[in-house]
Amino acid sequence: MEFDPKTPVYLTSDPKSFGHKSVNDRWPVILTGAIDDLHRTVADVTDEEKRKEGKTIIEELAKLKYELQHDRQLIPLEDDGEPDIEEYNEELEQRGNPKWHSVSWLFSECYLYRRLATLFTRSKHWKGYDVFARQKMSTFKSSRPAVLELAARYKELAIEAKEGKNTEESDRLLFSEMCEICLWGNATDLSLLTNLTYEDIQKLQGSEARKAAENNILVNDLNAAFDVLRQAREENKPERRVDIVLDNAGFELFVDLILAGYLLSSGLATSVVLRPKLIPWFVSDVIPRDFADLIQAIADPQGFYTAPDESGNKQSPLSGKEVDEVKFLFDQWSHFHAEGKLIIRPHRFWTAGGSYWRMPHVAPDLFEDLKEAELVLFKGDLNYRKLVNDADWDPTTPFTTAIGPLGPHSGIRVMSFRTCKADCVVGLPAGKDEELRKVYEGSATGGREWAWSGKWAVISFCDGKV
Ligand code: F6P
Ligand code: MG
């Protein structure tokens, strides 16, 4: 905690904050979902020992939910052999062994998922089991129309790019389009949108929704990021790496790969490093296995999209053209991966309990590695919260200030694509927060509710190489 800024952080006890709603309403629902998932899996297990152990984990999950709902203390994590357990437990002590309903929102939310992971890593038969995997894949399946639409658009653009008629202006526009696809892909994360229907998901993902949402990007630094990448390409720098600190699996990972493929084929990057988590995290975050699941689906789109769902309903088959367009993506991504241009590199730091203000001290290897990239793109809401320490900054505070040690002169170029799903926000023009708050005037919480909805977004950039 010694490396954190002094600005106060959001607390689960603050009735105006989304943290309060999270601990009271959202986390119990998420834990219930985890229990249901494991119940379903255990029901099919024939190995008696494994079945018994599965039931014990269910009991542990129920215990965790009870503690949370009854405002008990956050108990020390049990050792699962990973070094971060000690860090978590030390921080618990430094925080005075807090209770669920009056603790730092960010730390307690990380603790929740870290504790969940220990239940599986400490087991004999359930190591690596992901209680959210089922949900991640079925949501990706619901994204069929958007996946097909994007695959078609991508192929069209790849052909245009090959013809080489692009000007600087058209390149810039294309870069914006790709980035906006990637930005809004974050709007459908599973931890927030627990009650989405098939139709809701589809409405959020299409190109029309993106067009309509353009005015909702409150800060847009895409031009500055494009200039940096274009200049590196013009200078013919031999190594032009872009890192993507990933957020969610399924559709969001699909659009991240679309962006990665575009950066590589346009020469704006010579390699892309994708950075997933190592344990199931905030419901939908990417772990290495999610790559395999996505690639398998894309390799056989017909099989994936027409397999009957859980109620036995079959979907209509894909046309030959649609299959070709999806396979075009699969071929391109496999090719880039085989050539070593598309790299997957997890790190345990991404699931630590603290913010990225601590990175230079607690993960110096990662900090040095990120400096090697031309640009580091942080995806989604949680990454943004961690960049700004989930603190209650004045909303006009410059992004470059709020990210502290990752800011100017850090050697890292930071870009954040964030659809707003939490209270903290920085870099806004004076008066904007007040204007947006008016929309929710008279609401029960009187908080910054506009920023929880996922309808607004910020694209923030800081050139830490100067
Ligand atoms: O629990 C709230 C939260 O941390 C929010 O920040 C957001 O709603 C969600 O979880 C994670 O969002 P994302 O997947 O965009 O990081
Ligand atoms: Mg997420």
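The preceding data block contains the structure.
Residues numbered from 1 in each chain as written. Chains lettered and ligands numbered in written order. Predicted model: local features only at pLDDT ≥ 70, side-chain atom pairs only at ≥ 80, totals over all residues. Heavy atoms only, no water.

Undergrad: Which parts of the structure should I look at to understand the site of ligand 1?
TA: Around ligand 1 there are 17 residues in total, and Arg 26, Glu 109, Asp 381, Leu 382 and Arg 385 lie nearest to it. A distance of 2.7 Å separates an oxygen atom of ligand 1 from a polar atom in the side chain of Arg 26. In the model, an oxygen atom of ligand 1 is placed 2.2 Å from a nitrogen or oxygen of the Glu 109 side chain. Here ligand 1 has 390 Å² of accessible area as a free molecule, and 100% of this is covered by the chains. Listing elements by their share of the shell around ligand 1, those giving two or more residues are α1 (18–43), α4 (105–121) and α17 (380–387). A per-element tally of the shell around ligand 1 places α17 first, with four residues. (Near = heavy atom within 4 Å. Polar contact = N/O pair within 3.5 Å; in protein donor to acceptor, adjacent residues only side chain to side chain. Areas by Shrake-Rupley, 256 points an atom, 1.4 Å probe, with all protein chains shown as cover. Helix = DSSP H or I, 4+ residues; strand = E, 2+ residues; numbered from the N terminus.)

Undergrad: Whenever I open this one, the nonpolar core confuses me. Can you help?
TA: Note that soluble globular proteins tend to have their nonpolar side chains buried in a common cluster. Core analysis: the largest hydrophobic core is formed by 83 residues, its most contacted members being Met 359 and Leu 406. The leading source of residues in this core is α4, at eleven residues. If we skip the residues at most four places from it in the chain, Met 359 touches Phe 349, Trp 350, Pro 364, Leu 366, Phe 367, Leu 370 and Leu 406. Core analysis: the second largest hydrophobic core is formed by 64 residues, Ile 181, Val 228, Leu 274 and Phe 291 among them. (Core = buried A, V, L, I, M, F, W, Y, C linked by side-chain atoms within 4.5 Å. Buried < 20%, exposed > 50% of the residue type's maximum accessible area, 1.4 Å probe, protein only. Contact = heavy atoms within 4.5 Å.)

Undergrad: What's the story with the environment of Glu 374 in this structure? I'm lost.
TA: Locating Glu 374 in the fold gives a position in the loop between α16 (364–371) and β5 (375–379). Not counting chain neighbours up to four residues away, the residues in contact with Glu 374 comprise Val 228, Leu 229, Ala 232, Lys 237, Glu 239, Arg 240, Arg 241, Arg 413 and Lys 465.

Undergrad: Whenever I open this one, the side chain of Glu 67 confuses me. Can you help?
TA: Checked against the element boundaries, Glu 67 lands in helix α2 (residues 48–69). A polar contact of 3.0 Å, which involves the side chain of Glu 67, links it to the side chain of Arg 115. Each residue touching Glu 67, except ones within four places of it in the same chain, is listed here: Arg 72, Gln 73, Ile 75, Trp 100 and Arg 115.

Undergrad: I would appreciate a short explanation of the packing of helix α3 (residues 84–94) against α4 in the present structure.
TA: Helices that pack against each other are described as a pair by the angle of their axes relative to one another and the distance between those axes. Where α3 meets α4, the closest approach of the two axes is 12 Å, and the angle between their N-to-C directions is 140°. The pairing of α3 with α4 is recorded here as oblique in orientation. In this structure, the crossing between α3 and α4 has a hand that is left-handed. Taken together, the residues of α4 that come into contact with α3 (itself represented by Asp 84, Ile 85, Tyr 88, Glu 91 and Leu 92) are Phe 107, Cys 110, Tyr 111, Arg 114 and Thr 118. Within the contact of α3 with α4, the residues separate by chemical class into six nonpolar, one polar and three charged. (Axes fitted to C-alpha atoms, helices over the stretch in contact; angles between N-to-C directions. Parallel < 35°, antiparallel > 145°, perpendicular 65-115°, else oblique. Left-handed = near helix turned anticlockwise from the far one by under 90°. Nonpolar A, V, L, I, M, F, W, Y, C, P; charged D, E, K, R; others polar.)

Just distances and angles here, no functional claims.
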